[in-house]
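Geometric and topological summary
In case you want the letters, here they are:
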Amino acid sequence: MKYAPFILITVFFAVGGCNQSSSVTEPPNILLISIDDLNNWIEPLGGHPQAQTPNLASFANEAVTFRRSYTVSPSCNPSRTALMTGKLPWETGLYTNGQRWRQIVGDEQVIPQYLQEQGYYAAGAGKIYHANMPDPQSWNDYFPNKIEQMPNYWLPVQDSITGVKSFALTDNEIREDSPTGVNMVMPPFKGMYVAFDFAPLPVETEQTGDYSSMQWVSEQFKKKHDKPFFLTAGLYRPHLPWYVPQKYFDKFPLEDIQLPEVMENDLDDVPELGQRVARNRYHERVLESDNWKKAVQGYLASINYADDLVGQLLNNLAQSEYADNTIVIIFSDHGWQLGEKEHWRKFSMWEDVLNTVLMVKVPKGIPGLPEGSYTGGVSDKNVSLVDIFPTIAELIGKKPKPGLSGHSLVPLLKEPNAQWTYPVVSSMDDNKFSVISESWHMIQYESEDGQANQYELYDLASDPNEWTNLATDAQYASKIEELATFIPTERKPMVKTEPFRWGEVLSGKVTFK
């Protein structure tokens, strides 16, 4: 399949079904594509009717799409650390964005290290680990370099004399060192994340940071490799701020924007601890400033921008000598909310945030799945991002790393509706847990003052928006009791690590091995 970047419509005709078996060839290459903060607002998942993701839609016709894939944590750092180590947050003790992940997990082997042991060349570009926490030991090569995982991005600056605002290429993590900064649209408020903003960029796609990352990965397809490769491509958008070139905003006229479907007084049946999660001041301020439609426009534009870059990357792979021997995995680290339950950003345990993108294409002739993955398959089984590590191990035909938490997805790549009964357990911090089993979703909030736990319970089959909390209905008490048995009782404690600033990393004061 040829992917044509920078187009609006991709027409693709495919016949779904199992591939015929094929003989096993040389060890497969692996391309792992990460799309930061992408929720289910893509065409293959149907989360928003106005989403334009033609390249992901085309890829779905070749791959297996997991519509009920979930993160193990609604925060970048613990989600990505769990995926890369293959171990759950309560098994490693890595619960929050602020913890230095390598300091917490110690010498725990991560996917690129495991693959290097199997004879692979491991390299990548962009955000794979949490942005300001690189892991040089993971890689043979990295762009921009093994310390600076991400290129510069266009961020707002303000002339100190004239007050005029403009965009300049800036180190994103230097900006994040400061709790204050220049915004283009969103009026700042106390406690607001400095990057909570959205505006079109007066530059071309080829001048953007994510483009440079994807180009670097594409260049690897032109090289001769004496080892199988593991390449990672980390897109930062649609992570905040939603600054992408003007042409992406133009596809979503503000007057036509459809807001997320919400229910008035949705929080009335949510327990107090859940309401605290939701009411983080963002929704009130977005409404006061009349920026809800502008924010949705910015997110849709950023998703479309990311889709264009994914399409270009896949097109470059398809035109290379590695097209028929490369496993492609596309994932997002967690979802996002834009006003649902009066909540913005990630950092919640609701479906909109826990649900992630996960799409996998396996060509024929791969040791662990010689017939290749099901063409255009859709799986509605509950799976977890922590399942990626054991899946890679089985696909390349190697013994997995000991102690992996997840389960290989190979049975579902072969037959998307195969028997699969594993629940997905997620955590936020070390005192909020989610259990998703079949169509049921339970959230447990643990009280910090010794009071009784608080719960939410939803039947996603009949209530996909999670508008009716069944936890207070006595007839569902046994269901809560059943689901609560999956919540871990043995957990590593939350351990704080020494805070640092990105400027200290660049100066060498703080080091990463």
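Cut-offs used in this document
Residues numbered from 1 in each chain as written. Predicted model: local features only at pLDDT ≥ 70, side-chain atom pairs only at ≥ 80, totals over all residues. Heavy atoms only, no water. Phe/Tyr/Trp six-rings, centres within 6.5 Å; stacked < 30°, edge-to-face > 60°. Helix = DSSP H or I, 4+ residues; strand = E, 2+ residues; numbered from the N terminus. Buried < 20%, exposed > 50% of the residue type's maximum accessible area, 1.4 Å probe, protein only. Lys NZ or Arg CZ within 6 Å of the ring centre and 35° of its normal. Contact = heavy atoms within 4.5 Å. Pairing = 2+ DSSP bridges. Axes fitted to C-alpha atoms, helices over the stretch in contact; angles between N-to-C directions. Expected span 1.5 Å × (residues − 1).

The next point concerns the packing of aromatic side chains. Scanning the entire structure with this criterion turns up 24 aromatic pairs. With a centroid separation of 5.3 Å and 45° between ring planes, the pair formed by Y153 and Y236 is classed as tilted. Taken as a pair, Y153 in strand β6 (residues 153-158) and Y236 in the loop between β9 (229-235) and β10 (242-245) lie far apart in primary sequence, 83 residues in all. For Y236, a relative accessible area of 1% corresponds to the buried category. Seen in terms of ring centroids, F196 and W344 are 5.9 Å apart; in terms of plane orientation they differ by 90°. Their pairing is edge-to-face. With a gap of 148 residues between them, F196 in the loop between α6 (172-176) and β8 (198-201) and W344 in strand β13 (residues 344-345) connect regions that are remote in the sequence. Here the two residues F196 and W344 agree in accessibility, since each one is buried. If you follow R100 out to its NZ or CZ, it ends over the ring of F500, 5.2 Å from the centre. A cation sits over an aromatic face here: R100 above F512, 5.0 Å from the ring centre.

Further remarks concern the environment of P136. Inspection of the secondary structure puts P136 in the loop between β4 (121-126) and β5 (141-143). Since its relative accessible area comes to 13%, P136 is described here as buried. In sequence terms P136 and R285 are 149 residues apart; their C-alpha atoms lie 40 Å from each other. If we ignore the near neighbours within four places in the chain, the residues touching P136 are K146, I147, F512 and K513.

Note on sheets: strands pair through backbone hydrogen bonds, and any given pair is parallel or antiparallel. Strand order across the open sheet formed by eight strands is β5-β4-β9-β1-β11-β15-β2-β16, with mixed pairing between neighbours. Here the strands that pair on one side only, and so sit at the sheet edges, are β5 and β16 (377-379). Each strand axis lies, on average, 15° off the axis of its neighbour in the sheet, ignoring direction. Where β4 and β5 come together, three bridges link them in parallel fashion. By the bridge assignment, A123 is partnered in β5 with D141. Relative to strand β1 (residues 29-35), helix α11 (residues 292-318) is tilted by about 170°, and along the sheet it contacts β1, β9 and β11 (326-331).

Once that is clear, we can look at the sheet that holds strand β14 (residues 355-356). If you trace the three strands from one edge of the open sheet to the other, you get β14-β3-β17, paired in mixed fashion. Both outer strands of the open sheet, β14 and β17 (383-384), are each paired with one neighbouring strand and no more.

Another point: α11. One turn of the α-helix equals 3.6 residues, which is why residues spaced by three or four share an orientation. A rise of 1.5 Å per residue sets the reference length of α11, with its 27 residues, at 39 Å; its end C-alpha atoms lie 39 Å apart and thus fit the reference within 8%. Where burial is concerned, most of α11 is hidden: 23 out of the 27 residues are buried.

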